[in-house]
Amino acid sequence: MANNSVTTQPPPAHPPRKGLFRYIAIFLLSIIVIVGVAVLIIWWIVKPKQLVYTIEDASIHNYNLTGNSRLNSTFDFTIRAYNPNGRASIDYDSIEVSAEYENQNIAFTTLEPFHQPTRNVTHLEANLVAQNIALPKSISNDLRRDKSKGEIDLDVRLKAKIRFKVGLWKSDHRTMRIICSPVTIHFSSSKNFERTECEIDI
């Protein structure tokens, strides 16, 4: 009687790529978690304090409001920026400054990027130019009224892209928005300017 033999084939091996991709995914996820936890720990240790901004001085030059409601003028502001933090310095990568009158943007400028050390006071000189700005009739009438009174109230807004820096570590970019209101400017240089405190949102 003939012997029947059965040959059993080994099961096909699983391709190693799936396992490799799984290990890579786990490794990358672990790195992300570690970095995230490190950032939170650094942020908790640093605990950045709120920055302090004030308008220290303001003046108007070359003011001219034409009969067809076109405004030309220069508005100069001295802005005091105080960083009270003892560990975190600040990189200002972009700064925009605008002046509004009755919610109408009438002047604008940008400031040069700068680095602010810890526990530092920096004074920013912002020269905002209104060049042939077309205004609604109602606003131009109110401007003429304020000119006759000798003073004008403006809202000064700043928008900046900043990063906190501690040693070699830097935070992600944050958008800082500041409003200083009302900033009362006298048309006569003989009258003293009253400091205006600003509200900050980061």
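Residues numbered from 1 in each chain as written. Predicted model: local features only at pLDDT ≥ 70, side-chain atom pairs only at ≥ 80, totals over all residues. Heavy atoms only, no water.

### Overview of a nonpolar patch on the surface
The following threshold applies: Each patch groups residues whose relative accessible area exceeds 30% and which form no salt bridge, using 9 Å between like charges and 5 Å between nonpolar side chains of Val, Leu, Ile, Met, Phe, Trp and Tyr. What sets the accessible areas is the Shrake-Rupley method with a 1.4 Å probe; for residues, cover comes only from the shown protein chains. A pairing counts as a salt bridge when a side-chain nitrogen of Lys or Arg comes within 4 Å of a carboxyl oxygen of Asp or Glu. In this text, helices come from DSSP runs of H or I with a minimum length of four residues, and strands from runs of E with a minimum of two, each type numbered from the N-terminal end. Under the scheme applied here, a residue whose accessible area is under 20% of the maximum for its type counts as buried, over 50% as exposed, and between as partly exposed, the area being computed with a 1.4 Å probe on protein chains only.
Among the surface-exposed residues, L20, F21, I24, F27, L28, I31 and I34 lie close enough to one another that they form a single nonpolar patch of about 710 Å² accessible area. Relative to the assigned elements, I31 resides in helix α1 (residues 16-46). Since its relative accessible area comes to 38%, I31 is described here as partly exposed.

### Describing empty space enclosed by the protein
For clarity, the threshold we go by: For cavity detection a 1 Å grid was placed over the protein atoms alone, and a set of points counts as a cavity when a 1.4 Å probe fits there but cannot get out; an open set counts as a pocket when protein lies on both sides within 12 Å along at least five of seven lines, with lining residues being those that have an atom within 4 Å of a point. Grid points are joined across faces, edges and corners, and a volume is the space filled by probe spheres set on the points.
What the rule picks out here adds up to one cavity of 30 Å³ or more. A volume near 30 Å³ is recorded for the largest cavity. If you trace the largest cavity, you find it lined by Y53, Y92, I95, F114, L124, L158, A160 and M176. Residue assignment for the lining of the largest cavity shows that the elements contributing at least two residues are β3 (89-101) and β7 (151-166).

### Brief notes about the state of the cysteines
Heads up, the condition is: The disulfide criterion used throughout: a pair of cysteine sulfur atoms within 2.5 Å.
A full pass over the atoms with the stated rule returns one disulfide. Paired by a disulfide, C180 and C198 hold their sulfur atoms 2.0 Å apart. Residues C180 and C198 are joined by a disulfide whose S-S torsion is about 100°; by sign, that bridge is right-handed. Residue C180 is found in strand β9 (residues 174-186), and its partner C198 is found in strand β10 (residues 196-201); the two are separated by 18 residues along the sequence.

### Quick notes on the packing of aromatic side chains
Using the following cut-off: We call Phe, Tyr and Trp rings a pair once their centres come within 6.5 Å, taking the six-membered ring for Trp, and we label the pair stacked below 30 degrees between planes, edge-to-face above 60, and tilted otherwise. Only lysine NZ and arginine CZ atoms are considered, and such an atom sits over a ring when it is within 6 Å of the ring centre and within 35 degrees of the ring normal.
Per the stated rule, a full pass over the model turns up two aromatic pairs. Seen from their ring centres, Y63 and F187 are 5.1 Å apart, and the 80° between their planes marks the pair as edge-to-face. Placement of the pair is Y63 in strand β1 (residues 52-65) and F187 in the loop between β9 and β10, with a sequence separation of 124 residues. Among the residues examined, F187 registers a relative accessible area of 22% and is labelled partly exposed. Ring geometry for Y92 and F114: centres 4.4 Å apart, planes at 10°, overall stacked. Of the two residues, Y92 sits in strand β3 while F114 sits in strand β5 (residues 114-116), which places them 22 residues apart along the sequence. Pair check on accessibility: Y92 and F114 agree, each one buried. The lysine or arginine in question, K147, covers the ring of F187, its NZ or CZ lying 5.1 Å from the ring centre.

### Overview of the pairing of strand β2 (residues 70-83)
Looking along a regular strand, one sees side chains alternate from face to face of the sheet. The condition is simple: Only when DSSP finds a minimum of two bridges between them are two strands counted as paired.
Bridge analysis of β1 against β2 gives 11 bridges, and the strand direction is antiparallel. Note that in β2 the partner of H61 across the bridge is T74. Note: β2 against strand β6 (residues 120-134), 13 bridges, orientation antiparallel. Paired with F77 across the bridge in β6 is A126.

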